[in-house]
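Reading the structure
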Amino acid sequence: MVSWLLVFAAVSMLPACGAAGPREPGLRSELLRMLDRDQAFRTMEAPEEQWRRVEEANTLRMKQILDTYGWPGRSLVGEDGAKAAWALVQHSDLDLAFQRRGLVLMRKAVDDGDAEPSELAFLEDRVRVAEGRPQVYGTQWELTPEGEWRPRTPIEDEARVDERRAGAGMKPLREYLRELRTLAG
């Protein structure tokens with residue numbers, strides 16, 4: 001299971017908190033701590049039971065956060081806090097219903113300019129993969145036993161995937177795959 005690698009790579013390539021400052025700096029700090037813990041246990045070396053406990057605790061807390069605040073966007077928790085919230089919802093693989101709920105809330109946040117369209121694309125694909133449906137943006141990949149990258153589910157209308165990726169502010173698929181190959185070494 002290398003999906004953690006994809007999200008870690010995406011999060012690690014993103015900028016830190018914006019200059020305007022979040023309305024909820026304490027929540028921002030909590031989200032960043034939660035993501036740090038998530039990343040510390042999402043390694044190939046960590047026992048599955050250990051990262052599963054972290055995921056369950058993070059999902060429970062994220063449910064409370066969404067209940068209280070709605071989507072924790074940039075205006076609420078800053079750029080890096082919003083990215084942490086996105087990654088934590090994306091990593092809530094044990095609770096597809098929760099990921100779907102996050103997807104709905106994140107769509108509205110993107111429409112309101114308070115969340116990143118590229119992050120929404122990752123979450124959209126993550127939910128679709130979990131549902132066994134084709135991806136829209138081609139963000140969810142895995143390694144075969146032979147060490148080759150393949151999409152976790154087919155890519156819908158693959159001939160136009162780069163148009164959709166561009167619309168979400170993402171690099172073309174071939175560049176994304178080049179980055180994945182570099183990360184996997």
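Residues numbered from 1 in each chain as written. Predicted model: local features only at pLDDT ≥ 70, side-chain atom pairs only at ≥ 80, totals over all residues. Heavy atoms only, no water.

For the protein chain, the helix and strand inventory stands at 8 helices and 2 strands. When the helices and strands of the protein chain are read in sequence order from the N terminus, they spell out α-α-α-α-α-α-β-β-α-α. In the protein chain, buried positions account for 48% of the 185 residues. Counting only contacts in the protein chain whose residues sit at least 6 apart along the sequence, the fraction spanning at least 24 positions is 61%. Total accessible area on the protein chain is roughly 9200 Å²; 51% of this is exposed by carbon and sulfur atoms. (Helix = DSSP H or I, 4+ residues; strand = E, 2+ residues; numbered from the N terminus. Buried < 20%, exposed > 50% of the residue type's maximum accessible area, 1.4 Å probe, protein only. Contact = heavy atoms within 4.5 Å. Areas by Shrake-Rupley, 256 points an atom, 1.4 Å probe, with all protein chains shown as cover.)

For glutamine 99, the position within the fold is in helix H5 (residues 96-111). Within polar-contact distance, the side chain of glutamine 99 engages the backbone oxygen of glutamine 90 at 2.8 Å. (Polar contact = N/O pair within 3.5 Å; in protein donor to acceptor, adjacent residues only side chain to side chain.)

Here helix H3 (residues 48-69) spans 31 Å end to end across 22 residues, near enough to the 32 Å set by a 1.5 Å rise per residue. For H3, the full list of buried residues reads Trp51, Val54, Glu55, Asn58, Thr59, Met62, Ile65 and Leu66. Take H3 and look down its axis: the buried residues cluster within an arc of 140°, on one side only. Turned more than 90 degrees away from the buried face of H3, the exposed residues are Glu49, Leu60, Asp67 and Thr68. (Expected span 1.5 Å × (residues − 1). Arc of directions from axis to C-beta.)

With that settled, the discussion passes to the packing of aromatic side chains. A ring pair, where both rings are aromatic, is described by two values, the distance of the centres and the angle of the planes. Here the structure, examined in full by the defined rule, presents 2 aromatic pairs. For the pair tryptophan 86 and phenylalanine 122, a centre-to-centre distance of 5.9 Å together with 75° between the ring planes defines the contact as edge-to-face. Taken as a pair, tryptophan 86 in helix H4 (residues 74-90) and phenylalanine 122 in helix H6 (residues 117-130) lie far apart in primary sequence, 36 residues in all. The pair formed by tryptophan 86 and phenylalanine 122 is uniform in burial state, with each residue classed as buried. (Phe/Tyr/Trp six-rings, centres within 6.5 Å; stacked < 30°, edge-to-face > 60°.)

A word on the environment of leucine 27. Looking at where leucine 27 falls in the secondary structure, it is placed in helix H2 (residues 25-41). Linking leucine 27 and valine 77, residues 50 residues apart in sequence, is a C-alpha distance of 6.5 Å. Setting aside anything within four residues of it in sequence, one finds leucine 27 in contact with Arg61, Ile65, Tyr69, Leu76 and Val77.

Mapping valine 104 onto the fold places it in helix H5. Overall, valine 104 belongs to the exposed group, its relative accessible area being 53%.

This part is about the pattern of salt bridges. Throughout the structure, instances matching the rule amount to 20 salt bridges. The salt bridge involving arginine 100 is made with glutamate 131; its shortest N-O contact spans 2.7 Å. On the criterion of sequence distance, the pair formed by arginine 100 in helix H5 and glutamate 131 in the loop between H6 and strand E1 (141-143) is long-range, its members being 31 residues apart. Assessed through its relative accessible area of 37%, arginine 100 is described here as partly exposed. (Salt bridge = Lys/Arg side-chain N within 4 Å of Asp/Glu carboxyl O.)

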